[in-house]
Amino acid sequence: MLRSQNEPKLKWEHYMQCDGSPDPSVPQEINTFMSLWQESKNDDIEFVIEKGNQVLNLIEKLDFLLLDTPPNELMEDTIVQYQESILALQCLLHQKYNEATEHLLKKANTYADSDSGNMEVVIKDKNVTFCIWANLKKNPRYSTKVTLFQMSSVFVHPLATTDVAVRILHTHYDHVSPLRHIPTLHLKVETPESKPELTVFYDMKEEEEEKEGEQKCGEDSYLVIEKEFGGRKVLQLTTDEKEEEIFDENVVDLHQFTPVGGVYHIDALKLPPQAKQIKGWTMVELLDVGLETYPYPPASEETEDSTYPCIGVTLRLLDSVIFFEEPVVARWDSAGEQWRTDGISDMKYKMKEKQISFEMDAFYTIALIQDAHLHMPYQSWELRPNGTDELLFTVVTAFAEVQMQIKGNQCMLSSITVEGCEQLSHLTGRWTSPIDLTVALKRAGVNIFPSDYSHKYVCVNKKTPLAEVTAYEQLALVASAFAFSWSKWNLASGQDQVVFKVSEHLKTEAVKDEDWSLYMFSGQRAQRLKISETSEAFSDDLEENTEFHSTLVHMIKDFASEEAIEKVKKASCLFIDAVYQLLIATRVLTYS
């Protein structure tokens, strides 16, 4: 598989950079990098933000290796190594932000605002927004509403006379939610040569149970079956259907929902002793306790009858993400390691202003949650070649029209149109790999990439893996000279057949309606249908003067021009692989 060649390529690119950064796939290098930063005494917030961008780049490289490597090539120890490195880097980065916060608070009086007398610091970077306010004056008559950057937090009167600071650390990434499960697959059984080949890869988590003589389905277990049908192989990935269900209505199901726009760490902190000028001397009390949180409501004063006002928060949402519906505000429960919706109340969302306000009964880490399947099922899709090893892939959903350009082994977002207006201009026009594009779109709130659990939350047009996966392979092989599109008859053709529209396309303009033909494919047999898209009923009758073929490629060649056939023969294997990756990622034949 072409993607398996990416790791040595990435290693070579890293070697040629010569920038001193470690190779995250090498444990010795990444451990040395973390140890050196751990021992560093530079707690300057600007330095931490700059160093944090380097850490984020290392995490992205490890994520890319986990996503890009074929499942049957990922060894269990490699997955454990990469994910442990990711978690260690995430933990170290947040620790450094805490140390930088403590460093700032120790000299809070040097950042005192001339009007209010309190500390107010706002630092905005491409990956993080750091806001901190410290109550230096402790004036009970001072307004309890503090505005930082485009964020407003309303603090209640009990905090007006206390040594307290409030930090809003908005990370534009999510290092709080659990890492996704990576199936650890291993060659298990191979049948004798006299029988059809059946190779099974299974989750290594089940190996110990199987040795006891009993096949058990472990949590999040995966199964990949590779079958050979007449020389053609198809991979089937299945998950354990008996996965534990979530019964608590306040717990966010991360298979159905996803955080969008990063994470807001909203913390009340104890203000450390400040330096004082006494007879020409600068004196400060030193406490070796680290960054301390300020309990709210105060535990020592809390009684059964006492109630404390809620904390009001107003957040300005990022312009780099889209919320197609009113988001759900959730708080992180570190004990249960889950997002929860209780403790949040009085939520108000202003879509045009991109602003959300709510109240919470304590200081929490907050995320805005959106349904991960808003765009599924799709309304239509189209693949249209528009140059040599180049095509336009369009997916139309209920909320948006997404156009992606593929050229060679690269792809880019051409446009996202929502209600006639183009969105996410910061993502358009940037060439990248198919995997990086899918990650960027998901992060921006445009998820058109089904997961292993999506079929539980979306009404899908179920197809057999043989028909669906083989069709994606065949479409990618001839996509350099033929256009393909969604057909309503795909819903009526049954699970064993896929139906789509096909047209030879050697020009750049859109395909005319009369140029489309209907094709049906089962993975083992392809045929051209007699009906059209406007027919009154579905029929699998063969078009006159046509015949069955074993592959879609041979079927299309019967009607293709010499120029189109030559263009297909000259198509780059990297281009074919890129088209296949996006087709298998969007699964347009099942989720349309």
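Residues numbered from 1 in each chain as written. Predicted model: local features only at pLDDT ≥ 70, side-chain atom pairs only at ≥ 80, totals over all residues. Heavy atoms only, no water.

Looking now at the sheet that holds strand 1 (residues 119-124). The strand order 1-2-5-10-18-14-15 describes an open sheet built from seven strands, whose pairing is antiparallel. Of all the strands in the sheet, the pair left with one neighbour each is strand 1 and strand 15 (338-340). Strand-to-strand, the axes of this sheet are offset by a mean angle of 25 degrees, without reference to chain direction. Pairing analysis gives four bridges linking strand 14 (residues 328-333) to strand 18 (residues 365-371), with the strands arranged antiparallel. Residue pairing in the sheet places Ala 330 in a bridge with Ala 367 of strand 18. (Pairing = 2+ DSSP bridges. Helix = DSSP H or I, 4+ residues; strand = E, 2+ residues; numbered from the N terminus. Axes fitted to C-alpha atoms, helices over the stretch in contact; angles between N-to-C directions.)

Following Met 376, the chain continues to Pro 377 via a peptide bond in cis, the omega torsion being -5 degrees. Structurally, Pro 377 is set in the loop between strand 18 and strand 19 (380-387). Its identity is not glycine, yet Leu 424 carries a phi of approximately 55 degrees, on the positive side. The topology assignment puts Leu 424 in the loop between strand 23 (421-422) and helix 6 (434-443). The backbone phi angle of Asn 545 is positive, close to 65 degrees, even though this residue is not glycine. Mapped onto the secondary structure, Asn 545 falls in the loop between strand 27 (526-528) and helix 8 (552-557).

With that settled, consider the packing of aromatic side chains. According to the stated counting rule, one finds five aromatic pairs in the structure shown. Ring geometry for Tyr 296 and Phe 363: centres 5.9 Å apart, planes at 80 degrees, overall edge-to-face. Separated by 67 residues along the polypeptide, Tyr 296 in the loop between strand 12 (281-283) and strand 13 (311-316) and Phe 363 in the loop between strand 17 (355-360) and strand 18 bring together distant segments of the chain. With relative accessibility at 8%, the residue Tyr 296 sits in the buried group. Using a relative accessible area of 15% as the deciding quantity, one classes Phe 363 as buried. Here Trp 332 and Trp 339 contribute two aromatic rings whose centre-to-centre distance is 5.2 Å and whose plane-to-plane angle is 65 degrees, an arrangement assigned as edge-to-face. Taking the relative accessible area as the measure of exposure, Trp 339 reaches 0% and is therefore buried. Across from the ring centre of Tyr 364, 4.8 Å away, lies the NZ or CZ of Arg 331, which sits over that ring. Across the ring face of Phe 548, the terminal group of Arg 525 is positioned such that the distance to the ring centre comes to 4.2 Å. (Phe/Tyr/Trp six-rings, centres within 6.5 Å; stacked < 30°, edge-to-face > 60°. Buried < 20%, exposed > 50% of the residue type's maximum accessible area, 1.4 Å probe, protein only. Lys NZ or Arg CZ within 6 Å of the ring centre and 35° of its normal.)

Quick look at the pairing of strand 16 (residues 344-350) now. Sheet topology note: the strand 16/strand 17 ladder contains five bridges and is antiparallel. When the bridges of strand 17 are listed, Lys 348 appears paired with Ser 357. Remark: four residues form the turn of the hairpin made by strand 16 and strand 17, two consecutive strands paired antiparallel; Lys 354 in that turn has positive phi of roughly 55 degrees.

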